[in-house]
Amino acid sequence: MNWNRFRQPDLILKLIGDLTEYKKQVKFMEVCGSHTMAIGHWGLRKLLPENIILISGPGCPVCVTPATIIDSLIKLKSVTITTFGDLMRVPGSHQNLEQARAQGCDIRIVFSPMDALKISQDRETIFIGLGFETTIPGIAFSIVNAAKNNNQNFSVLSLGKLIPPALDALLDDKDLKVDGLILPGHVSTIIGMMPYEFIPYKFGIGGVITGFEPLDIVLGVKTLIENLDHPRIMNEYSRVVRPEGNQIALDLISEVFEITHAQWRGIGEIPDSGLKIKSKYADFDAFRKYDIKTSDLEENPLCLCGNVLKGKILPPECPLFAKTCTPDYPIGPCMVSSEGSCAAYYKYER
Ligand code: SF4
């Protein structure tokens, strides 16, 4: 793939020039944290006409993981815990995983659940299975693999979350006024277009699936504007996303997981937005194996991550942004994760 094709300044500026003909104010939400990062990285928020406003959404899996999970994991002293690196510095109630590791807990960063599976060959290992539909098939595959090899050392703490029910819950909030959604490219690779079809019917707005290159994103914005009067779900990432999604990945997910309610940090409980491991694979369910509980935690009242994730404010509107809350000393998860909106604004948009 020649990525330069999607980074041609002339073409991008031509599309942006076309957008200046549109004069009404519109607000679109980029649902996915990777889009927030890409928009910041390419300076698109500043290049777009001022009347076209992009706000960030809930699409950062680390940011929406409840802090009490981190507290519970830190208490498990006799087990090796494996996780994606992003979670290491997310604040728990008293400590983060990085600090717990410094005090002797065996916590290791892995790049995939299959790395965790390897580690479990000679020790009891939990993989922290957080992510959206993009990551979940790989986690399901690791569980099927562990079951096939009767690897009783391996278990997964299933924190997988689903994007369409979260969008349903967010858009139901009358305070959130958006004119369209930039839908997540990676998630859509797995689920396709169908799971978003309720959005135009229920909320009267359209959505466009786009990739992560600057041309993808600007084209997505143009497509949303051109279809404001005929809201529907559109695919501007057809080089990767098929309308029906990836059936093999979807089958793998439904083999291992069933839908359940889930707690989203900063947002609250969203019905049918989480995945738990089916009883068929109970031996690999860390929640059951180690009796791990989630409970409500009083978040730092000064951190406005919840409002950032719900698209109600932009990160610089948080009084702590870039003052007491920075990537080196994060107060909330949105400043830690590589997909967090506050981290993106800190890095690119100050
Ligand atoms: S700037 Fe920091 S404290 Fe404010 S919302 Fe973002 S993460 Fe939370």
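Residues numbered from 1 in each chain as written. Predicted model: local features only at pLDDT ≥ 70, side-chain atom pairs only at ≥ 80, totals over all residues. Heavy atoms only, no water.

Side note on the state of the cysteines
Structurally, a disulfide amounts to a covalent bond that connects the sulfur atoms of two cysteines. Per the counting criterion, the structure on display carries 1 disulfide. Paired through a disulfide, Cys60 and Cys63 show a sulfur-sulfur distance of 2.2 Å. Its S-S torsion of about 70° marks the bond between Cys60 and Cys63 as right-handed, since a negative value means left-handed. A relative accessible area of 3% places Cys60 in the buried class. Residue classification places Cys63 among the buried positions, given a relative accessible area of 1%. Here Cys32 is not cross-linked by a disulfide; its sulfur's nearest cysteine counterpart is in Cys60, at 9.3 Å. (Disulfide = S-S within 2.5 Å. Buried < 20%, exposed > 50% of the residue type's maximum accessible area, 1.4 Å probe, protein only.)

Observations concerning the site of the ligand
Every residue near the ligand is listed here: Cys303, Leu304, Cys305, Cys318, Leu320, Phe321, Cys325, Ile331, Gly332, Met335 and Cys342. Of all the cavities here, the one that holds the ligand is the largest cavity. When the residues that make up the shell around the ligand are grouped by side-chain class, the tally is 10 nonpolar, 1 polar and no charged. (Near = heavy atom within 4 Å. 1 Å grid on protein atoms, 1.4 Å probe; cavity = no way out; pocket = protein on both sides within 12 Å on 5 of 7 lines; lining within 4 Å. Sits in = over half its atoms within 2 Å of the grid points. Nonpolar A, V, L, I, M, F, W, Y, C, P; charged D, E, K, R; others polar.)

Let's talk about empty space enclosed by the protein
Under the definition given, this model contains 1 cavity of 30 Å³ or more. Reported here for the largest cavity is a volume of approximately 90 Å³. Taken together, the residues of the lining of the largest cavity break down into 12 nonpolar, 1 polar and no charged. (Points joined across faces, edges and corners; volume = space filled by probe spheres on them.)

Some words on the pairing of strand S11 (residues 268-277)
Taken together, the 7 bridges between strand S10 (residues 257-264) and S11 define a ladder with antiparallel strand orientation. Counted as the bridge partner of Glu258 is Lys276 from S11. Counted along the chain from S10 to the antiparallel partner S11, the turn is 3 residues long, and its residue Gly266 has a positive phi close to 85°. (Pairing = 2+ DSSP bridges. Helix = DSSP H or I, 4+ residues; strand = E, 2+ residues; numbered from the N terminus.)

Brief notes about the domain arrangement of the protein chain
In terms of domain boundaries, the protein chain breaks down into domain 1 (3-60 + 164-235) and domain 2 (308-348). Tallying the contact residues gives 20 residues for domain 1 and 15 residues for domain 2. Between domain 1 and domain 2 lies a buried interface of about 1400 Å² when both sides are counted; carbon and sulfur atoms form 59% of it. With a closest N to O distance of 2.7 Å, Lys312 and Asp173 form a salt bridge. Counting only elements with at least two residues in the side of domain 1 that touches domain 2, the list comes to helix H2 (33-41), helix H3 (44-47) and strand S2 (52-59). Along the lines of polarity and charge, the residues of the side of domain 1 that touches domain 2 split into 8 nonpolar, 8 polar and 4 charged. (Domains from an automatic or database assignment. Contact = heavy atoms within 4.5 Å. Buried area = accessible area lost by both parts, 1.4 Å probe. Salt bridge = Lys/Arg side-chain N within 4 Å of Asp/Glu carboxyl O.)

Notes on the sheet that holds strand S9 (residues 233-235)
Read across the open sheet, the 5 strands follow the order S2-S1-S7-S8-S9; overall the sheet is parallel. Here the strands that pair on one side only, and so sit at the sheet edges, are S2 and S9. Taken pair by pair, the neighbouring strands of this sheet meet at an average axis angle of 25°, ignoring direction. As judged from the 6 bridges shared by strand S1 (residues 26-32) and S2, these two strands associate in the parallel manner. Note on S2: the bridge partner recorded for Cys32 is Gly59. Contacts between H2 and the sheet are confined to S1, S2 and strand S7 (180-183), with S1 contributing the most and set at about 120° to the helix. (Axes fitted to C-alpha atoms, helices over the stretch in contact; angles between N-to-C directions.)

Digging into the packing of aromatic side chains
Applying the stated criterion to the full structure yields 5 aromatic pairs. Between Phe198 and Phe203, the aromatic rings sit 6.5 Å apart at their centres with planes inclined by 75°, giving edge-to-face as the arrangement. Their ring planes at 80° and their centres at 6.2 Å tell us that Phe212 and Tyr237 sit as a pair that is edge-to-face. Here Phe212 is found in the loop between strand S8 (206-209) and helix H11 (214-226), whereas its partner Tyr237 is found in the loop between S9 and helix H12 (247-256), with 25 residues between them in sequence. For the pair Phe212 and Tyr237, one class covers both residues: buried. Over the ring of Trp264 we find Lys161, and its NZ or CZ is 6.0 Å from the ring centre. (Phe/Tyr/Trp six-rings, centres within 6.5 Å; stacked < 30°, edge-to-face > 60°. Lys NZ or Arg CZ within 6 Å of the ring centre and 35° of its normal.)

Overview of the sheet that holds strand S6 (residues 154-160)
Read across the sheet, 4 strands follow the order S4-S3-S5-S6 without closing on themselves; strand pairing throughout is parallel. The outermost strands of the open sheet, each flanked by one partner alone, are strand S4 (107-109) and S6. Pairwise comparison of adjacent strand axes, ignoring direction, gives a mean angle of 25° for this sheet. Bridge count for strand S3 (residues 80-83) against S4 is 3 bridges, and the pairing is parallel. Looking at the pairing, Thr82 lines up with Arg108 of S4.

Observations concerning the packing of helix H1 (residues 9-19) against H11
The interhelical angle for the contact between H1 and H11, taken along N-to-C directions, is 20°, at an axis separation of 10 Å. Classified by the angle between their axes, H1 and H11 sit roughly parallel to one another. As H1 runs across H11, the sense of the crossing is left-handed. Along its contact with H1, which presents Leu11, Ile12, Leu15, Ile16, Asp18 and Leu19, the element H11 presents Pro214, Leu215, Val218, Leu219, Val221, Lys222 and Ile225. Per-class residue counts for the contact of H1 with H11 are 11 nonpolar, no polar and 2 charged. (Parallel < 35°, antiparallel > 145°, perpendicular 65-115°, else oblique. Left-handed = near helix turned anticlockwise from the far one by under 90°.)

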